[in-house]
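Breakdown of the fold
Take a look at the letters that make up each chain.
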Amino acid sequence: MSVETDQLGLPIEYKELPEFFDSHNVNADTEAKNAIIERLLRQRGVQSVYDMTCGTGSQVLYLAARGYQVTGSDLCVDLVDQAKLKAAQCNLDVALEVADIRTAKKGCFDAVISIFSAIGHLGRADFEVALKNIRDNLADEGVYVFDIFNLEALTDEVIKTFVMEVEDEVDGVQFCNRQTSEIDRENGLLISHDHYSIRSADGQDEQYSNSFSLQIYTFSELKAILENNGFEVIDQYDMNGNVFDKETSLTMLIVAKKVLLT
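Summarised in this report is the structure supplied together with it. (Residues numbered from 1 in each chain as written. Predicted model: local features only at pLDDT ≥ 70, side-chain atom pairs only at ≥ 80, totals over all residues. Heavy atoms only, no water.)

Moving on to the overall build of the chain. Along the chain, the regular secondary structure elements total nine helices and eleven strands. Taken over the C-alpha trace, the chain has a radius of gyration of 18 Å; the compact-globule value for 262 residues is 18 Å, and the two agree within 12%. Buried residues in the chain amount to 53% of all 262 residues. Counting every atom, the chain has about 12200 Å² of accessible surface; 47% of that belongs to carbon and sulfur. Here the chain contributes 22 positive and 45 negative side-chain charges, whose respective centroids are spaced 6 Å apart. (Helix = DSSP H or I, 4+ residues; strand = E, 2+ residues; numbered from the N terminus. Rg over C-alpha atoms; globule rule 2.2 N^0.38 Å. Buried < 20%, exposed > 50% of the residue type's maximum accessible area, 1.4 Å probe, protein only. Areas by Shrake-Rupley, 256 points an atom, 1.4 Å probe, with all protein chains shown as cover. Lys, Arg positive; Asp, Glu negative; His and termini not counted. Charge placed at Lys NZ, Arg CZ, Asp CG, Glu CD.)

Okay, here's the thing in structure tokens:
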């Protein structure tokens, strides 16, 4: 990783506690969000999809089960291993590899996706590097579908509500994760702080703390970056599939078309 990306940090589930990734990130809303993404792809006649930040496979498995030709990759080895296990259990033929969104070259796809603010783990300069590489993995006029938090709608009052508590048990290990967040408006960063309390089957208690940042944008900033790197925004929604409103939509779900450069 570049220095810039390292400075943002990564959630602890990516690094030290990948076994808790799904409990933290996959919830009752995930199926509905996957359905929205699939609908956007279907509307544009997409058949082949490259998920360049696949995690444990939520989107790739959903799309593969619905007949799409899907490839997935992620920077985290442990998450890709979990995705491979799930694919085998579901008897789904999905190509899954460890790769970096900034450098991976896997083919020529109708669509590239990176979901659940994954692109926010890159700083601004690295995001532009990733966009150039995403274009290289897209067919002519292919689409890039992704989401990111909307800086303009994240008011101080909204940030006060960004408190998340997750309690679950994985393979006999009980855990509780509490996450709080703050915002650095000057630098466009959503900064989150996690604290994990873990009790193993033998009663041993462990505590983990971690902080990381997401680079976030206003819609106008994001549109300009996309246009400067060979994309045209053709649709924007919030993550619930509703019409995007720059002042109230907490997330931006963007469909950007690759523009042929002259």
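Text resumes after the structure shown.
Moving on to the environment of aspartate 184. Structurally, aspartate 184 is set in strand E7 (residues 173-184). A residue is classified by how much of its surface remains accessible, and aspartate 184, at 23% relative accessible area, is partly exposed. Sequence separation between aspartate 184 and glutamate 141 is 43 residues, and the spatial gap between their C-alpha atoms is 35 Å. Apart from the residues lying within four places of it in its own chain, the contact partners of aspartate 184 are Leu189 and Ile191. (Contact = heavy atoms within 4.5 Å.)

A few words on a negative patch on the surface. Among the surface-exposed residues, Glu19, Asp78, Asp81, Asp168, Glu169 and Asp171 lie close enough to one another that they form a single negatively charged patch. Along the chain, glutamate 19 turns up in the loop between helix H2 (12-15) and helix H3 (21-25). (Patch = residues over 30% accessible without salt bridge, like charges linked within 9 Å, V, L, I, M, F, W, Y side chains within 5 Å. Salt bridge = Lys/Arg side-chain N within 4 Å of Asp/Glu carboxyl O.)

All right, on to unusual backbone geometry then. Here the phi dihedral of phenylalanine 116 falls at roughly 65°; this positive angle occurs in a residue that is not glycine. Mapped onto the fold, phenylalanine 116 is located in the loop between strand E4 (109-114) and helix H7 (124-136). Taking relative accessible area as the criterion, phenylalanine 116 reaches 33% and is therefore assigned partly exposed. In the Ramachandran plot, glutamate 141 falls in the positive-phi region, its phi being about 65° despite a non-glycine side chain. Tracing the chain through its elements places glutamate 141 in strand E5 (residues 138-149).

Turning next to the side chain of serine 114. If you trace the backbone, serine 114 turns up in strand E4. The buried category is assigned to serine 114, whose relative accessible area is 0%. Within the structure, the side chain of serine 114 is placed 2.6 Å from the side chain of tyrosine 144, a separation counted as a polar contact. (Polar contact = N/O pair within 3.5 Å; in protein donor to acceptor, adjacent residues only side chain to side chain.)

For helix H6 (residues 77-89), which comprises 13 residues, the first-to-last C-alpha distance of 19 Å matches the rise-based estimate of 18 Å (1.5 Å per residue) to within 8%. Looking only at H6, the buried set comprises Leu79, Val80, Ala83 and Ala87. Along the long axis of H6, the arc covered by the buried residues comes to 95°, so they all point the same way. When the buried face of H6 is taken as reference, the exposed residues oriented beyond 90 degrees from it are Leu85, Ala88 and Gln89. Check the buried side of H6 and you find it contacts H2, H3, helix H5 (58-64), strand E2 (69-74) and strand E3 (95-98). Of the residues one or two after H6, asparagine 91 is the one with positive phi, at around 55°. (Expected span 1.5 Å × (residues − 1). Arc of directions from axis to C-beta.)

Now for the side chain of aspartate 74. Within the element layout of this structure, aspartate 74 appears in strand E2. One buried charged residue, aspartate 74, remains without a salt bridge, the closest side chain of opposite sign being arginine 102 at 11 Å. Here aspartate 74 is in contact with Met52, Thr53, Cys54, Gly55, Leu79, Val80, Glu97, Val98 and Ala99, once residues within four sequence places are set aside.

So far we have only geometry, and geometry alone does not tell us how the molecule works.
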